[in-house]
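Take a look at the letters that make up each chain.
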Amino acid sequence: MATMVTLIGLVNRIQRVCTVLGDYGESTASSSLPTLWESLPSVVVVGGQSSGKSSVLESIVGRDFLPRGSGIVTRRPLVLQLHKTESGTREHAEFLHLPGKRFTDFSMVRKEIQDETDKMTGKSKQISPVPIHLSIYSPNVVDLTLIDLPGLTKVAVEGQPESIVKDIENMVRSYVEKPNCIILAITPANQDIATSDAIKLSREVDPTGERTFGVLTKLDLMDKGTNATDVLEGRAYSLQHPWVGIVNRSQADINKNVDMIAARRQECEFFATNPDYRHLAGRMGSEYLAKLLSKHLESVIKARIPGIISLVNRSIDELEEELNHLGRPVTVDAGAQLYTILELCRAFDRVFKEHLDGGRPGGDRIYGVFDNQLPSALRKLPLDRHLSLQNIRKLVSEADGYQPHLIAPEHGYRRLIDGAINYFRGPAEASVDAVHFILKELVRRAIGETQELKRFPTLQAEIASAANDALERFREDSKKTTLRLVDMESSYLTVDFFRKLPMEVEKGGNPTATNADRYTEGHFRRIGSNVSSYVLMVSETLRTSIPKAVVYCQVREAKWSLLDHFYTQLGKKEAKQLAQLLDEDPALMERRQKCAKRLELYKSARDEIDLVSWAR
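The following paragraphs examine the structure supplied in this document. Computed from a prediction, not measured in an experiment: that's the story for all the values here.

### Comments concerning the nonpolar core
One finds Phe 348, Phe 352, Phe 424, Leu 459, Ile 463, Leu 562 and Leu 563 to be the most contacted residues of the largest nonpolar core, which totals 67 residues. Considering each element in turn, this core owes the most residues, twelve residues, to helix H19 (residues 521-561). Look past the residues within four positions of Phe 424 in its chain and what remains in contact with it is Leu 378, Leu 381, Val 486, Val 535, Val 538, Ser 539 and Leu 542. Counting 49 residues, the second-largest nonpolar core is a separate cluster that includes Val 45, Val 56, Leu 292 and Leu 293.

### Focus: the side chain of Asp 118
Relative to the helices and strands, Asp 118 is located in helix H4 (residues 106-121). Using a relative accessible area of 14% as the deciding quantity, one classes Asp 118 as buried. Those residues in contact with Asp 118 that lie beyond four places of it in its chain are Arg 75 and Lys 123.

### Quick word on helix H9 (residues 260-273)
Its 14 residues give H9 an end-to-end C-alpha distance of 20 Å, which sits within 8% of 20 Å, the value for a rise of 1.5 Å per residue. Residues of H9 that are buried: Met 260, Ala 262, Ala 263, Arg 264, Glu 267, Phe 270 and Phe 271. Looking at the buried side of H9, the elements it contacts are helix H3 (53-61), strand E8 (244-245) and helix H10 (286-326).

### Comments concerning the packing of helix H12 (residues 364-379) against helix H16 (residues 425-449)
Taken N-terminus to C-terminus, the directions of H12 and H16 make an angle of 155°; their axes are 10 Å apart at the nearest point. Judged by the inter-axis angle, H12 sits roughly antiparallel to H16. In the packing of H12 onto H16, the handedness of the crossing is right-handed. Listed contacts from H16 to Arg 365, Ile 366, Val 369, Phe 370, Gln 373, Leu 374, Ala 377 and Leu 378 of H12 are Pro 427, Ala 430, Ser 431, Ala 434, Val 435, Ile 438, Leu 439, Glu 441 and Arg 445. Taken together, the residues that form the contact of H12 with H16 break down as twelve nonpolar, two polar and three charged.

Here is what the cut-offs are and how they apply
Residues numbered from 1 in each chain as written. Predicted model: local features only at pLDDT ≥ 70, side-chain atom pairs only at ≥ 80, totals over all residues. Heavy atoms only, no water. Core = buried A, V, L, I, M, F, W, Y, C linked by side-chain atoms within 4.5 Å. Buried < 20%, exposed > 50% of the residue type's maximum accessible area, 1.4 Å probe, protein only. Helix = DSSP H or I, 4+ residues; strand = E, 2+ residues; numbered from the N terminus. Contact = heavy atoms within 4.5 Å. Expected span 1.5 Å × (residues − 1). Axes fitted to C-alpha atoms, helices over the stretch in contact; angles between N-to-C directions. Parallel < 35°, antiparallel > 145°, perpendicular 65-115°, else oblique. Left-handed = near helix turned anticlockwise from the far one by under 90°. Nonpolar A, V, L, I, M, F, W, Y, C, P; charged D, E, K, R; others polar.

Okay, structure coming up:
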């Protein structure tokens with residue numbers, strides 16, 4: 001028995017630490033596992049309003065410490081953890097929301113519960129699902145966790161919303177539906193068991209009665225000539241566990257300040273002397289109930305230990321993985337901080353290069369600019385309008401001036417070619433801009449995909465700014481280079497192309513044609529055809545040279561020197577500035593701290609469970 005009591009004490013200690021860390025109520029967002037709190041068994045006290053729930057709890061504790069009154073008194077869940085101490089030690093109570101403060105006056109415990117309830121719900125009759133956590137240390141209790149909930153009700157009274165009935169039921173259900181919950185169903189003996197709210201609800205969530213303990217209160221208030229033996233002996237309503245009868249203090253006893261020790265003696269005398277219950281006296285009363293619950297809790301814990309150990313081990317693995325993902329806390333040494341920043345920049349650079357080289361998606365879009373966008377833009381140039389007969393005639397005539405050309409309109413040719421080649425500036429600049437925006441998007445993606453950077457929003461912003469500034473410089477250089485390629489094509493024409501033209505005319509044309517023939521429509525068509533052929537040749541040349549210039553000036557530079565200027569600036573920063581770059585997201589720091597504390601809790605729990613398990 002001593003070993004098993006140690007197990008219950010261990011569970012209580014783990015639950016207490018869980019409440020400090022907030023590791024109760026629901027699983028963490030990063031984990032699919034239930035919380036450690038949910039895996040530990042606890043006893044939930046359920047009953048209708050004024051059914052005697054508070055009196056039962058006080059009888060088990062042996063202290064008068066709960067608020068009293070008419071109507072709804074318990075308006076927030078009370079998680080009550082009882083810790084058995086050595087004989088002779090002084091009883092005291094502690095609240096989770098008042099760490100380090102001990103209450104030895106239990107009337108002040110009652111006042112604190114009332115005040116803390118009013119803080120959340122006001123002095124109205126509203127309820128709140130936020131629990132109050134209270135620990136009581138006493139040599140007169142057994143190790144146990146009890147959860148007192150608002151009493152079930154059928155109607156809303158003045159000052160309560162119409163939804164109060166459903167709200168209370170939903171709150172109670174959220175506790176009793178959990179498979180590790182032991183239900184302590186409180187029913188007054190002077191009420192028909194068939195109408196018991198506690199029994200009705202427990203039957204719904206625990207139809208086999210495996211988790212339910214029935215408690216009959218107010219046996220001393222039943223009408224004369226009646227008794228509850230049919231219920232207590234399991235004939236009226238059968239449960240897997242025996243019913244327990246309780247005799248609470250009367251209001252007169254409370255008014256006379258009869259202490260709980262005297263009340264327990266009176267309770268024992270009632271069962272020992274009452275002819276209806278004398279044969280059941282050995283398993284009636286609050287002391288027996290506490291021992292019964294403790295013994296059952298021992299067996300439940302013993303059966304659940306393998307599952308709890310498995311949960312703890314899986315949780316430890318998940319938490320260690322999460323801590324590795326979150327990273328270690330940043331050092332305060334300036335040299336180490338600079339090294340950390342450089343390592344983070346290299347991590348970003350690796351991801352960025354993977355996008356360019358094909359390890360990650362995105363780099364293929366640059367090829368799409370050269371293979372689709374640029375050729376399409378070249379095909380859509382308005383060369384047909386530029387080389388229309390009307391425009392050719394106009395430009396050739398203007399180029400001739402007052403004296404018509406003698407053999408070939410060279411000045412007209414040059415004007416037509418210069419005008420056509422000038423159209424190529426648009427697609428060249430558009431290619432530069434398109435690649436620039438793709439590179440900016442890849443920088444944004446790479447920053448988002450660099451896991452190590454997620455901790456440091458300030459450094460993320462600095463890297464993004466430095467990378468975008470560098471890309472802007474690369475774009476300007478690329479734009480100048482590609483436009484130079486276009487300008488070069490118009491600044492020096494390919495002479496061999498035009499030297500062939502007179503020869504072709506002589507072979508296939510009429511060398512004796514007059515000057516008048518040179519201004520015919522056919523003449524202008526030949527000029528347009530010749531210029532079009534030359535411009536097509538230039539277009540093919542630029543179609544291959546523009547991508548080379550863009551890749552050399554933008555992609556290549558981004559790949560090898562994107563953060564070079566940033567690295568230079570880093571070397572000039574003071575320690576304080578480096579520390580600012582490594583400012584972490586406060587939410588992430590808090591998450592790491594909670595994760596580390598929770599990991600410490602789980603490891604401590606594993607060690608203690610192993611120790612106690614071996615002792616068995």
